[in-house]
Amino acid sequence: MQARLLLEDGTLFTGLGFGAEGQSAGEVVFNTGITGYQEVLSDPSYCGQIVTMTYPLIGNYGITRDDFEAVRPYIHGFVVRRHEPVPSNWRAEYTLDRLLKEYGIIGISDIDTRMLTRKLRHYGTMKGMLTTGNERIEELAERLSLTPLMRDQVARTSTKSIFSSPGERERIVLVDYGAKSGILRELTKRGCDVVVVPHDTTAEQIRRLNPDGIQLSNGPGDPKDVPHAVTMIQELLGEYPIFGICLGHQLFALACGADTDKLKFGHRGGNHPVKELATSRCYITSQNHGYTVLEGSVAGTKLEVTHINNNDKTIEGLKHNEFPAFSVQYHPEAAPGPYDSSYLFDEFLEMIREHKRNNPQKPRQAQLAASLRGELQYAQK
């Protein structure tokens, strides 16, 4: 089956199709990971994007349900140099081709992904259209020009209802902007009582859940497309310890008066070096984002830069100088990528304990407030 990828600048790639048939448009981006294509496919932060893998061989270890980072993929297309249809892995349950067919995702292989990546690095990410049909190029180009990039990704990927992963220790409200399962795994592994809430949950609703801390998740798209999240953070800042990851980091920065902007081609992969300014130590991190906090905008706020990217010197970490709150642009839960930074979850819990020691409160009620009890669905992870 022939497949074609047309970029908005007119560049056309012709290769072999796999997965679903049809036509799909999205922002074309690239990921530099050597492994982890399944976690990439199932990361909600790729919602609406056509993902190019720079590692040439994809599909060779198949698909395993245990390795999913969300209940389903949200990407709009998958681009690889070579697609391996027959996996060799004792854990594999089925093939990459079957997964893409199941969720209606078009794949294209046997194209020059090195050339495509160099073009995106030079000119920046751009719109593209994948098709397995025989449409004329002029028709595809016109359709692509009339197709806007998706702007409501957070609403598409966030949970629609509250659910809980019960634990015996600190209660964490995880605000789901398109959260990876890895964040929930790291919190529950530490015994936390995690309540996952939708992206548009208000500050008052969160208060009723009586949390010890608030986790702001990763998610897709422009942080300025979810202003209600910024308002919620502003209302709760200082009242509860807060830890933001990726999109949560950008929303935290906006709530504190900083600004964000789109990167030329973003950071996506499991091999990005980040420097911790306090220790000058370098961590290799997992990243997936197209926006960044502007360095100049931090001046004049109560934020302090804690980490920077060693490649382009963009901001990778912030902390509040008055309140118990911090954030990182990268993914400490990894999946895929190194687990070097998972200690940040321990630092978050220690921040919560310190806050509770300094601000003793009444014992937490045994159950959630009656106003939200009807919405809560307990789901044992």
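The rules behind the values
Numbers given to residues run from 1 along each chain, matching the order in which its sequence is written. Confidence filtering applies because this is a predicted model: local features only for residues at pLDDT of at least 70, side-chain atom pairs given and counted only at 80 or more, and all residues used for totals across whole chains, interfaces and linings. The side-chain figures draw on all heavy atoms in the structure; neither hydrogens nor water molecules are used. The helix and strand labels rest on DSSP assignments: H or I over at least four residues marks a helix, E over at least two residues marks a strand, and numbering proceeds from the N terminus. Note on method: radius of gyration uses C-alpha positions; expected globular size equals 2.2 Å times residues raised to 0.38. Each residue is placed in one exposure class: buried if its accessible area under a 1.4 Å probe, protein chains only, is under 20% of its type's maximum, exposed if it is over 50%, and partly exposed if it falls in between. Should any heavy atoms of two residues lie within 4.5 Å, those residues are counted as being in contact. Using a 1.4 Å probe, accessible areas were evaluated by the Shrake-Rupley method; residue-level cover was limited to the displayed protein chains. Charged residues are defined here as Lys and Arg on the positive side and Asp and Glu on the negative side; His and the ends of the chain fall outside this count. Note that the charge is assigned to NZ on lysines, CZ on arginines, CG on aspartates and CD on glutamates. The disulfide criterion used throughout: a pair of cysteine sulfur atoms within 2.5 Å. By the convention used here, strands pair only if DSSP detects at least 2 bridges between them. Any carboxyl oxygen of Asp or Glu within 4 Å of a side-chain nitrogen of Lys or Arg constitutes a salt bridge here. Throughout, an axis means a line fitted to C-alpha atoms (over the contacting stretch in the case of helices), and angles, computed between N-to-C directions, take values from 0 to 180 degrees. Grouping buried Ala, Val, Leu, Ile, Met, Phe, Trp, Tyr and Cys residues that are joined through side-chain atoms within 4.5 Å yields what is termed a nonpolar core. Polar contact criterion, stated in full: a pair of N or O atoms within 3.5 Å, where within protein one must be able to donate a hydrogen and the other to accept it, and residues adjacent in sequence count only if both atoms are side-chain atoms. Orientation categories follow fixed angle ranges, with anything under 35 degrees roughly parallel, anything over 145 roughly antiparallel, 65 to 115 roughly perpendicular, and all other angles oblique. The hand of a helix crossing depends on one turn: near helix anticlockwise from the far one by less than a right angle means left-handed, and clockwise means right-handed.

Draft legend 1. How the structure looks around the overall build of the protein chain. Looking only at helices and strands, the protein chain has 12 helices and 20 strands in total. Rg of the C-alpha trace for the protein chain: 21 Å, near the compact-globule value of 21 Å for 381 residues, within the 12% margin. Reported as C-alpha extents along the three principal axes, the dimensions of the protein chain are approximately 65 × 45 × 40 Å. Per-residue burial over the protein chain gives 58% buried out of 381 residues. Sequence-distant contacts in the protein chain: of pairs separated by 6 or more residues, those separated by 24 or more amount to 74%. Summed over all atoms, the accessible surface of the protein chain reaches about 16,200 Å², with 48% contributed by carbon and sulfur. Of the charged side chains in the protein chain, 42 are positive and 47 negative; the average position of the first set lies 1 Å away from that of the second.

Draft legend 2. Molecular detail of the state of the cysteines. Inspection of the entire model under this criterion finds 0 disulfides. The thiol of Cys282 is unpaired, and the distance to the nearest cysteine sulfur, on Cys246, comes to 18 Å.

Draft legend 3. Spotlight on the pairing of strand S9 (residues 126–131). In terms of burial, S9 is largely enclosed, as 6 of its 6 residues are buried. In terms of strand pairing, strand S1 (residues 2–7) meets S9 through 4 bridges, oriented antiparallel. Paired with Leu7 across the bridge in S9 is Gly128. As judged from the 6 bridges shared by strand S3 (residues 23–31) and S9, these two strands associate in the antiparallel manner. The residue of S9 that forms the bridge with Ser24 is Leu130.

Draft legend 4. View of the pattern of salt bridges. For the coordinates displayed, the defined rule picks out 28 salt bridges. Between Arg357 and Glu354 there is a salt bridge, with the nearest N and O atoms lying 2.6 Å from each other. Highlighted residues: Arg357 and Glu354, both in helix H11 (residues 343–358), separated by 3 residues, approximately one helical turn. Counted as one network, the salt bridges with shared partners bring together Glu186, Lys189, Arg190 and Asp346.

Draft legend 5. Inspection of the sheet that holds S3 at higher detail. Read around the closed barrel, the 7 strands follow the order S1-S2-S8-S6-S4-S3-S9; overall the barrel is mixed. On average, each strand axis in the sheet is tilted by 35° relative to the strand beside it, whichever way the strands run.

Draft legend 6. Region of interest: unusual backbone geometry. The amide bond that connects Ala335 to the next residue, Pro336, takes the cis arrangement and shows omega of 5°. By secondary structure assignment, the location of Pro336 is in the loop between strand S19 (325–328) and H11. Unlike most non-glycine residues, Cys246 shows phi in positive territory, near 60°. Structurally, the position occupied by Cys246 is in the loop between strand S14 (242–245) and helix H9 (247–255). Judged by relative accessible area, which is 2%, Cys246 ranks as buried.

Draft legend 7. Broad picture of the nonpolar core. Of all hydrophobic cores here, the largest spans 35 residues; its most connected members are Val175, Tyr177, Leu216 and Met232. Where this core is concerned, the elements lending two or more residues are strand S11 (171–175), strand S12 (193–197), helix H7 (203–208), strand S13 (213–216), helix H8 (227–236), H9 and strand S18 (315–320). It is H9 that contributes the most residues to this core, 6 residues altogether. Sequence-distant contacts of Leu216, that is, excluding residues within four places in its chain, are made with Val175, Tyr177, Met232, Ile233, Ile242, Phe243, Gly244, Ile245, Gly248 and Phe252. Core analysis: the next-biggest nonpolar cluster, separate from the first, contains 22 residues, Leu174, Cys246, Phe345 and Phe348 among them.

Draft legend 8. Molecular detail of the environment of Asp261. Topologically, Asp261 is positioned in strand S15 (residues 260–276). The exposure class of Asp261 is partly exposed, given its relative accessible area of 44%. Placed 39 residues apart in sequence, Asp261 and Asp222 show a C-alpha to C-alpha distance of 8.4 Å. If we ignore the near neighbours within four places in the chain, the residues touching Asp261 are Gly290, Tyr291, Thr292 and Leu294.

Draft legend 9. Layout of H9. Burial analysis of H9 places 9 of its 9 residues in the buried class, which makes it a mostly covered element. Along H9, the residues classified as buried are Leu247, Gly248, His249, Gln250, Leu251, Phe252, Ala253, Leu254 and Ala255. Remark: Gly257 follows H9 within two positions and exhibits a positive phi of approximately 100°.

Draft legend 10. The arrangement of the side chain of Thr11 in detail. Structurally, Thr11 is set in the loop between S1 and strand S2 (12–19). At 3.3 Å, the side chain of Thr11 forms a polar contact with the side chain of Lys119. In this view, Thr11 contacts Leu5, Leu6, Met115 and Lys119; residues no more than four positions away in its chain are not counted.

Draft legend 11. Examining the packing of H8 against H9 more closely. The geometry of H8 relative to H9 is characterised by a closest axis approach of 9 Å and an angle of 65° between their N-to-C directions. When the axis of H8 is compared with that of H9, the two are roughly perpendicular. Here the hand of the crossing between H8 and H9 comes out right-handed. Contacts from Ala229, Val230, Ile233 and Gln234 in H8 reach Leu251, Phe252, Leu254 and Ala255 in H9.

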